[in-house]
Amino acid sequence: MAKIKYIEYNGKEHVVEVQNGLTVMEGAVQNDIPGIDADCGGSMSCATCHVYVKEGWYDKLPKKEMGEDDMLDQAYEPNSKSRLSCQIMVSDDLDGLSVYMPEKQV
Amino acid sequence: MIKTDVVIIGAGPTGLFCAHQLGIIGLKCEIVDNLDKIGGQCIELYPDKPIYDIPAVPECTGEELTNNLLEQIKPFKFNFHLNDRVQELTNENDNWIVKTNSGKKFQTPNVVIAGGVGSFEPRKFSTKSAEKFDGTSVLYSIKDKTIFKDKSVAIFGGGDSALDWAIELSNISKVSLIHRRDEFRGAPASVQKIKELSKKNIINLFTKHSIKDVKGNGSLDEVEIKSEEGESKILKADYVLGFFGLIMQLGPIVEWGLNLDKKAIPVNTENFETNKKGIFAIGDICTYPGKLKLILSGFHEGALAARGCFKYARPNEKYRFEFTTASNTIKDRLGVK
């Protein structure tokens, strides 16, 4: 279980407890947190669950697998802290993680 | 005006199998898709990725699945209308008049929306100023490459479209290629070629850069790019091309008076009809309690929606359930003995 903070583009914060084994994307979708679309349902086939990981947390996360950066190329305004939230698996180690939503997903 | 029993919106696996079911029960249909090819997300998003959860098919790719579905509906000789998008639905007596982007018109008692997460559209630049030049000098696809002859062209992106066009246009134009990171997702041979062209100064290559602004009075003059650290550079550009892949947008569907739940259309699970009589929704675009976004669920939904269509297409006939193994009528429709 990890407490994760989702910060909308307008600054609104949502803190939810997400079960281990779910993804950061699922944590948002299951809790009706706006800002993450996840059109493809988590198959790394779109780029609509794009988030910016908070400074300090980015390097602590498990590294990107092949293909994630390719999809991020197609995201809205990606930067060096960009991840697809469907590829971040929640574990106890992620307790306290904060992610920022982009202005929009598409 | 094309008269038919059913118009299917979307040529993905769900739409294709629904067409099959319509053919089996003796109905005609016309299939419209915004993409230039058949297969929907299977073809556009993951043609080479293996799928492991199609019943009785241990493993197949999106492309194989599409080809098999096409083979399965071949006997019915249904028409596809590709590169076209359904724009408008209007009710006329007991029929729907379906109008497409290209001006085609259908008259049908049934519309089956099998539109996935919407139609695929190119992802555009987020810079406001790019909108002003959209379609004239800021482009997301190329129809006629001769317009770039002897011009300065700034190409953004790191996939095959961006690389292929950079290589191709470097023969006739002054090309700059700009990509947000050092690695490219295009084919290794193209990446190699780009690096060679860059070494020979035939292409100006800027990695770890993205677009900041486009400028010009009337016509486009230059594009401003920024590095990861925020440093700006100005490049001369007559054209700016963006190849960031495709995004899915619901598009005109939201204007048809259908109930919407987030980006999905609520349906009943008896025949997958929406709140509008004669309009059905199946596959990823529909929602109901327990909905799973699986291809196999789409097949089931398509089979039931097809029976729902029968009622409106043949109001004076009673639908008879038949098995393909036993029915001679079905065998005739399939052209098998």
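Residues numbered from 1 in each chain as written. Chains lettered and ligands numbered in written order. Predicted model: local features only at pLDDT ≥ 70, side-chain atom pairs only at ≥ 80, totals over all residues.

**What to know about the overall build of chain A**
Spelled out, the test is: Starting at the N terminus, helices and strands are each numbered in turn, a helix being any DSSP run of H or I of at least four residues and a strand any DSSP run of E of at least two. C-alpha atoms define the radius of gyration, and 2.2 Å times the number of residues to the power 0.38 defines the globule rule. Backbone-placed C-beta atoms define the burial measure: a residue is buried with 20 or more other C-beta atoms within 10 Å of its own, exposed with 12 or fewer, and partly exposed in between. Throughout, a pair of residues is in contact if the C-beta atoms placed from their backbones lie within 7 Å.
Counting secondary structure elements, chain A contains two helices and five strands. Moving toward the C terminus, one meets the helices and strands of chain A in the order β-β-α-β-α-β-β. The C-alpha radius of gyration computed for chain A amounts to 12 Å, which stays within 12% of the reference 13 Å derived for 106 residues, consistent with globular compactness. Taking the principal axes of its C-alpha atoms as reference, chain A extends roughly 30 × 30 × 25 Å. In chain A, which comprises 106 residues, the share counted as buried stands at 40%. Within chain A, counting contacts between residues at least 6 apart in sequence, those at least 24 apart form 68% of the total.

**Topic: the sheet that holds strand 3 (residues 50-53) of chain A**
Residues and elements named next belong to chain A. Applicable threshold: Whether two strands pair comes down to DSSP finding at least two bridges between them. Note on definitions: angles span 0 to 180 degrees between N-to-C directions of axes, and those axes are lines fitted to C-alpha atoms, for helices only across the stretch in contact.
One open sheet accounts for five strands, arranged 2-1-5-3-4; its pairing is mixed. Edge positions in the sheet fall to strand 2 (13-18) and strand 4 (82-84), since each of these pairs with one other strand and no more. Each strand of the sheet is rotated relative to its neighbour by a mean of 35 degrees, with strand direction disregarded. Of the strand pairs in this sheet, strand 3 and strand 4 are connected by three bridges, and their pairing is antiparallel. Bridge pairing in strand 4 places His 50 opposite Leu 84.

**Thoughts on unusual backbone geometry**
You will see that Ala 38 of chain A, though not glycine, has its phi angle at about 55 degrees, which is positive. Inspection of the secondary structure assignment puts Ala 38 of chain A in the loop between helix 1 (24-30) and strand 3. C-beta crowding within 10 Å serves as the criterion here: with 21 such atoms nearby, Ala 38 of chain A is assigned to the buried category. For Asp 150 of chain B, which is not glycine, the phi dihedral falls at a positive 60 degrees. Of note, Asp 150 of chain B is situated in the loop between strand 12 (138-139) and strand 13 (152-156).

**Some thoughts on the sheet that holds strand 17 (residues 222-227) of chain B**
Residues and elements named next belong to chain B. One open sheet holds the three strands; their spatial order is 16-17-18, and the pairing between them is antiparallel. Unpaired on one side and paired on the other, strand 16 (209-215) and strand 18 (232-236) mark the two borders of the sheet. Mean inter-strand twist for the sheet, computed between neighbouring axes without regard to direction, equals 30 degrees. Pairing of strand 16 with strand 17 involves six bridges; the strand directions are antiparallel. Residue Val 214 lies in a different strand from strand 17, and its bridge partner there is Val 223.

**A short note on the nonpolar core**
Residue and element names in this part refer to chain B. Heads up, the rule is: Take the buried Ala, Val, Leu, Ile, Met, Phe, Trp, Tyr and Cys residues, join any whose C-beta atoms are within 7 Å, and the set you get is a nonpolar core.
Judged by nonpolar contacts, the single largest core of 82 residues is most densely connected at Ile 8, Cys 18, Val 112, Ile 113 and Cys 309. When residues of this core are assigned to their parent elements, the largest contribution, eight residues, is made by helix 7 (residues 295-313). In contact with Cys 18, other than residues within four places in its own chain, are Ile 8, Val 112, Ala 114, Ile 282, Gly 302, Ala 305 and Ala 306. Grouped together as the second largest cluster of nonpolar side chains are 31 residues, Val 138, Leu 169, Phe 184 and Phe 243 included.

**Considering the pairing of strand 2 (residues 6-9) of chain B**
Residue and element names in this part refer to chain B. Burial of strand 2 is two-sided: the residues Val 6 and Ile 8 facing one way and the residues Val 7 and Ile 9 facing the other way are all buried. Sheet analysis places strand 2 next to strand 3 (residues 29-32), joined by four bridges and oriented parallel. Looking across to strand 3, one finds that Ile 8 is bridged to Ile 31. In this structure, strand 2 lies alongside strand 10 (residues 110-113), joined through four bridges in parallel fashion. Considered in strand 10, the bridge of Ile 9 is made with Ile 113.

**A closer look at the environment of Val 7 of chain B**
Residue and element names in this part refer to chain B. Residue placement: Val 7 occurs in strand 2. Its 25 C-beta neighbours within 10 Å are what place Val 7 among the buried residues. For the pair Val 7 and Ile 225, spaced 218 residues apart in the sequence, the C-alpha separation amounts to 46 Å. Not counting residues up to four positions away in its chain, the partners in contact with Val 7 are Cys 29, Glu 30, Val 32, Val 98, Phe 106, Thr 108 and Val 111.

**A short note on the pairing of strand 17 of chain B**
Residues and elements named next belong to chain B. Between strand 16 and strand 17, which pair antiparallel and follow one another directly, the connecting turn spans six residues, one of which, Gly 218, has a positive phi of 80 degrees. Relative to strand 18, strand 17 runs antiparallel, the two being bridged by five bridges. Bridging from a neighbouring strand, Lys 226 pairs with Ser 232 of strand 18. In sequence, strand 17 turns back onto strand 18 through a hairpin of four residues, with Gly 230 there showing a positive phi of about 100 degrees.

**Topic: helix 6 (residues 188-199) of chain B**
The condition that has to hold: Given the number of residues in a helix, its expected span is that number minus one, multiplied by 1.5 Å.
Taking 1.5 Å of rise per residue, 12 residues should cover 16 Å, and helix 6 of chain B covers 17 Å from first to last C-alpha, within 8% of that figure. With its phi angle positive at about 60 degrees, Asn 201 of chain B sits one or two positions after the end of helix 6 of chain B.

**Describing the environment of Asp 5 of chain B**
Locating Asp 5 of chain B in the fold gives a position in the loop between strand 1 (2-3) and strand 2. For Asp 5 of chain B, the contacting residues outside a window of four places in its chain are Leu 27, Lys 28, Cys 29, Thr 108, Pro 109, Asn 110, Cys 309 and Ala 313 of chain B.

**So, the packing of helix 1 (residues 13-24) of chain B against helix 7 of chain B**
Residue and element names in this part refer to chain B. The following threshold applies: In these notes the angle categories are as follows: under 35 degrees is roughly parallel, over 145 is roughly antiparallel, 65 to 115 is roughly perpendicular, and the rest is oblique. Take the far helix as your reference; a near helix turned counterclockwise from it by less than a right angle gives a left-handed crossing, and one turned clockwise gives a right-handed crossing. Classes in brief: Ala, Val, Leu, Ile, Met, Phe, Trp, Tyr, Cys and Pro nonpolar; Asp, Glu, Lys and Arg charged; the others, Gly included, polar.
Where helix 1 contacts helix 7, the two axes come as close as 8 Å, and the packing angle between them is 40 degrees. The angle between helix 1 and helix 7 falls in the class oblique. Here helix 1 and helix 7 pass one another in a crossing that is right-handed. Along the contact surface, helix 1 presents Pro 13, Thr 14, Phe 17, Cys 18, Gln 21 and Leu 22, while helix 7 presents Ile 295, Gly 298, Phe 299, Glu 301, Gly 302, Ala 303, Ala 305, Ala 306 and Cys 309. Per-class residue counts for the contact of helix 1 with helix 7 are 10 nonpolar, four polar and one charged.

**Looking at the domain arrangement of chain B**
Worth spelling out the cut-off: Start and end points for every domain follow an automatic or database-based domain assignment.
Taken as a whole, chain B is organised into domain 1 (2-121 + 247-334) and domain 2 (124-244). When each unit is reduced to the centre of its C-alpha atoms, the spacing between domain 1 of chain B and domain 2 of chain B is 38 Å.

**Overview of helix 1 of chain B**
All names here are of chain B. With 12 residues, helix 1 should reach 16 Å at 1.5 Å per residue; the first-to-last C-alpha distance of 17 Å fits that figure. Extensive coverage of helix 1 is indicated by the burial of 12 of its 12 residues. Within the sequence span of helix 1, burial applies to Pro 13, Thr 14, Gly 15, Leu 16, Phe 17, Cys 18, Ala 19, His 20, Gln 21, Leu 22, Gly 23 and Ile 24. Immediately beyond the C-terminal end of helix 1, within one or two residues, lies Gly 26, with a positive phi of roughly 90 degrees.

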